[in-house]
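# Coordinates in review
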Amino acid sequence: MRNTITLIHRVEGTNGDPDTFTTTYLKADYKITKQSTVSGNDISFFEAMIFLLPFGDYVIEQGDYIVVGEVSNITSEDLIDVLEDNESYDIRSIEEVENKYGVNYQYKVTGV
């Protein structure tokens, strides 16, 4: 699928100031994948979302969030509500896509 997404990046506050958030709007391709983890005798199955993010001038780190669609004016106080009220994903891994064969994407990002 292809849709507009909002990349939410947390900027830590300094000197006791609250955290702030930057939002970046991107057109991204994405798909749902089924994944599993094994811990001892326990096997967990879950769905993860794979996003292919275009080239651009933006900051992305593990722990940032992706929301499918557009959201704005995010504060520390309403972040949880924004994430719960929208299709949102916690970024777990970021992989830079090798730039060859005319690839159109800079990052492959996995979110759960």
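Residues numbered from 1 in each chain as written. Predicted model: local features only at pLDDT ≥ 70, side-chain atom pairs only at ≥ 80, totals over all residues. Heavy atoms only, no water.

Let us look at unusual backbone geometry. Notably, N15 is not glycine yet its phi reads approximately 55°, a positive angle. You can see N15 is positioned in the loop between β1 (2-11) and β2 (20-39). Overall, N15 belongs to the exposed group, its relative accessible area being 79%. Notably, N73 is not glycine yet its phi reads approximately 55°, a positive angle. Along the polypeptide, N73 turns up in the loop between β4 (65-68) and α1 (79-85). (Helix = DSSP H or I, 4+ residues; strand = E, 2+ residues; numbered from the N terminus. Buried < 20%, exposed > 50% of the residue type's maximum accessible area, 1.4 Å probe, protein only.)

One finds I5, F51, L53, Y58, I60, I66 and V109 to be the most contacted residues of the largest nonpolar core, which totals 16 residues. When residues of this core are traced back to their parent elements, those giving at least two are β1, β2, β3 (42-54), β4, β5 (88-96) and β6 (105-111). Not counting residues within four places of it along the chain, the set of residues in contact with I60 comprises L7, L53, I91, I94, Y107 and V109. The next biggest cluster of nonpolar side chains, apart from the first, holds nine residues, and it includes F21, V67, V71 and L79. (Core = buried A, V, L, I, M, F, W, Y, C linked by side-chain atoms within 4.5 Å. Contact = heavy atoms within 4.5 Å.)

In this section: the confidence of the model for the protein chain. Of all residues in the protein chain, 100% attain a pLDDT of 70 or more, and the chain-wide mean is 90. For the protein chain, the element scoring lowest by mean pLDDT is β6, at 89; β4 scores highest, at 95. (pLDDT = per-residue confidence, 0-100.)

Judged by pairing direction, the barrel is antiparallel, and its six strands sit side by side in the order β1-β2-β3-β6-β5-β4 before closing back on the first. For this sheet the average axis-to-axis angle between neighbouring strands, irrespective of direction, equals 45°. (Pairing = 2+ DSSP bridges. Axes fitted to C-alpha atoms, helices over the stretch in contact; angles between N-to-C directions.)

Below, the discussion takes up the side chain of Q106. Within the secondary structure, Q106 sits in strand β6. Given the relative accessible area of 13%, Q106 is considered buried. In terms of polar contacts, Q106 uses its side chain to reach the side chain of Y107, at 3.5 Å. Every residue in contact with Q106, bar those within four places of it in the chain, is listed here: L53, P54, F55, G56, Y58, E95, E96 and V97. (Polar contact = N/O pair within 3.5 Å; in protein donor to acceptor, adjacent residues only side chain to side chain.)

Here the focus is the environment of S76. Note on placement: S76 falls in the loop between β4 and α1. Its relative accessible area of 31% is what places S76 among the partly exposed residues. Leaving out residues up to four positions away in the same chain, S76 has contacts with D19 and F21. A distance of 3.2 Å separates the side chain of S76 from the backbone oxygen of D19, its partner in a polar contact.

Glancing now at the environment of I32. Tracing the chain through its elements places I32 in strand β2. When its relative accessible area of 48% is taken as the criterion, I32 is described as partly exposed. Distance in space between the C-alpha atoms of I32 and E12 is 30 Å, their sequence separation being 20 residues. Not counting the four nearest positions on each side in its chain, I32 is found in contact with E47, A48 and M49.

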